[in-house]
Amino acid sequence: MRILLTNPTCLLDEILEGESHLNRYVGWLNTPKYFGNFQRYTDYDPSMPIAIDNCAYSGFKSNRYQALINKIDVPIEWIAAPDVVGDAETTSILFKYWYPELEGLPLAYVAQDGAERLSLPWSQFRCLFIGGTTEWKLSPAAAYLARKAKRFGKLVHMGRVNSDMRLRYAYDLGCDSVDGTGYQRFSKYHLKKALHFMHGLHNQLTLIGERVI
């Protein structure tokens, strides 16, 4: 599992000095805020995975989102299709509206409150993004969808993960990646501590066998 960071000027070299093994727990999360600038990520380390969020939580802007789509020039893990926070039905409608333009890209479907009651277009996306309100994100319904996604061979990402407790929860669900503003507006200590915590989780995996998802 990786923590996806939106800011590559975050002094990772300094944070991870002498601990390059922690690089495996870091990736990048591009957003429409930066109008699709990918070079700032690849200049740091072209081997790190890159995903793309849509900024729906802070305010979706379709012109910036489209500009970002047009500038994709590197391999990406996934791009989050437009969504409405906490509203599964409107998110479903938006996915159908945008899909013709996004078809061919590795899409992430952003699951919102109530998504467990809908028929999700599993064949049309690569990643299930666990969004929604905090209450729903931590609910049995969201856990059910995450496990279903893994059975279908999908990636799973969880947004707004900012604590060791939430990291463990996401890891236990089988998430492949997480993001959280706490690691962006981070103290260097906060991010490094989280990466050490994740390293411990992965080491635990090697000792006890496969994760239960």
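A. Representation of the packing of helix α3 (residues 62-70) against helix α4 (residues 88-102). Running from amino to carboxyl end, α3 crosses α4 at an angle of 30 degrees, the nearest separation of the two axes being 12 Å. Relative to α4, the element α3 lies roughly parallel. Here the hand of the crossing between α3 and α4 comes out right-handed. For the pair formed by α3 and α4, the contact residues are S62, Y65, Q66 and I69 on the first element and W98, E101 and L102 on the second. Here the residues of the contact of α3 with α4 sort into four nonpolar, two polar and one charged.

B. Here's a closer look at the pattern of salt bridges. Evaluated as defined, the whole model comprises four salt bridges. Here R117 and E116 are joined by a salt bridge, their closest N and O atoms 3.5 Å apart. Overall, the relative accessible area of 68% leaves R117 in the exposed class. Note that K193 is salt-bridged to D164, the shortest N-O span being 2.7 Å.

C. View of the side chain of D83. Position of D83 among the secondary structure elements: in the loop between β4 (79-80) and α4. Although D83 is buried, it makes no salt bridge; R160 carries the closest opposite charge, 8.0 Å away. One polar contact links D83 to N54, side chain to side chain, over a distance of 2.8 Å. If near-sequence neighbours (up to four positions away) are discounted, D83 is found in contact with N54, A56, T91, L94, V110 and Q112.

Cut-offs applied
- Residues numbered from 1 in each chain as written.
- Predicted model: local features only at pLDDT ≥ 70, side-chain atom pairs only at ≥ 80, totals over all residues.
- Heavy atoms only, no water.
- Axes fitted to C-alpha atoms, helices over the stretch in contact; angles between N-to-C directions.
- Helix = DSSP H or I, 4+ residues; strand = E, 2+ residues; numbered from the N terminus.
- Parallel < 35°, antiparallel > 145°, perpendicular 65-115°, else oblique.
- Left-handed = near helix turned anticlockwise from the far one by under 90°.
- Contact = heavy atoms within 4.5 Å.
- Nonpolar A, V, L, I, M, F, W, Y, C, P; charged D, E, K, R; others polar.
- Salt bridge = Lys/Arg side-chain N within 4 Å of Asp/Glu carboxyl O.
- Buried < 20%, exposed > 50% of the residue type's maximum accessible area, 1.4 Å probe, protein only.
- Lys, Arg positive; Asp, Glu negative; His and termini not counted.
- Polar contact = N/O pair within 3.5 Å; in protein donor to acceptor, adjacent residues only side chain to side chain.

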